Amino acid sequence: MTIDTEQIARTLEENGFTVNTTPDALHIHDVGLVESDRTVIHEVVAEAGRQIASGQLAGDCLIVTLA
């Protein structure tokens with residue numbers, strides 16, 4: 001069973017991120033381009049049994065589409 005984006009968003013919020021969701025994407029606000037931010041995002045998504053299909057930076061918002 002895969003975890004839905006709402007549950008992934010809650011976990012990211014517990015790690016200090018501000019997140020909005022769509023059914024297949026996460027809009028993560030105020031993301032820095034630091035390795036630690038990207039590492040946490042990848043780890044949370046992987047632990048949820050999902051994969052990142054793509055990531056696009058739009059200003060200070062990272063749009064992560066899940067596979």
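The coordinates are above.
Caption draft 1: How the structure looks around the sheet that holds strand β3 (residues 52–58). With antiparallel pairing, four strands are arranged side by side in an open sheet as β1-β2-β4-β3. Edge positions in the sheet fall to β1 (18–22) and β3, since each of these pairs with one other strand and no more. Averaged over all neighbouring strand pairs, the angle between strand axes comes to 20°, with direction disregarded. Taken together, the five bridges between strand β2 (residues 25–29) and strand β4 (residues 61–66) define a ladder with antiparallel strand orientation. Across the sheet, H29 pairs through a bridge with C61, a residue of β4. Relative to β1, helix α1 (residues 5–14) is tilted by about 175°, and along the sheet it contacts β1, β2 and β4. In the packing of helix α2 (residues 35–47) onto the sheet, contacts are made with β2, β3 and β4, and the angle to β3 comes to roughly 150°.

Caption draft 2: Expanded view of α1. Those residues of α1 that sit buried are T5, I8, A9 and L12. End-on view of α1: buried residues confined to an arc of 100°, all on one side of the axis. Close packing links the buried residues of α1 with β1, β2, α2 and β4. The backbone nitrogen of E6 lies 3.2 Å from a side-chain oxygen of the residue at the head of α1, namely D4. The first or second residue beyond α1 is G16, which carries a positive phi of 95°.

Caption draft 3: Just α2, in detail. For α2, which comprises 13 residues, the first-to-last C-alpha distance of 18 Å matches the rise-based estimate of 18 Å (1.5 Å per residue) to within 8%. Restricting attention to buried positions, one finds in α2 the residues D37, I41, V44 and V45. What you see down the axis of α2 is that its buried residues fit within an arc of 95°, all on one side. Exposed residues pointing more than 90 degrees away from the buried face of α2 are listed as E35, A46 and E47. Looking at the buried residues of α2, the elements they touch are α1, β2, β3 and β4.

So, how was this worked out
Residues numbered from 1 in each chain as written. Predicted model: local features only at pLDDT ≥ 70, side-chain atom pairs only at ≥ 80, totals over all residues. Heavy atoms only, no water. Pairing = 2+ DSSP bridges. Helix = DSSP H or I, 4+ residues; strand = E, 2+ residues; numbered from the N terminus. Axes fitted to C-alpha atoms, helices over the stretch in contact; angles between N-to-C directions. Contact = heavy atoms within 4.5 Å. Buried < 20%, exposed > 50% of the residue type's maximum accessible area, 1.4 Å probe, protein only. Arc of directions from axis to C-beta. Polar contact = N/O pair within 3.5 Å; in protein donor to acceptor, adjacent residues only side chain to side chain. Expected span 1.5 Å × (residues − 1).

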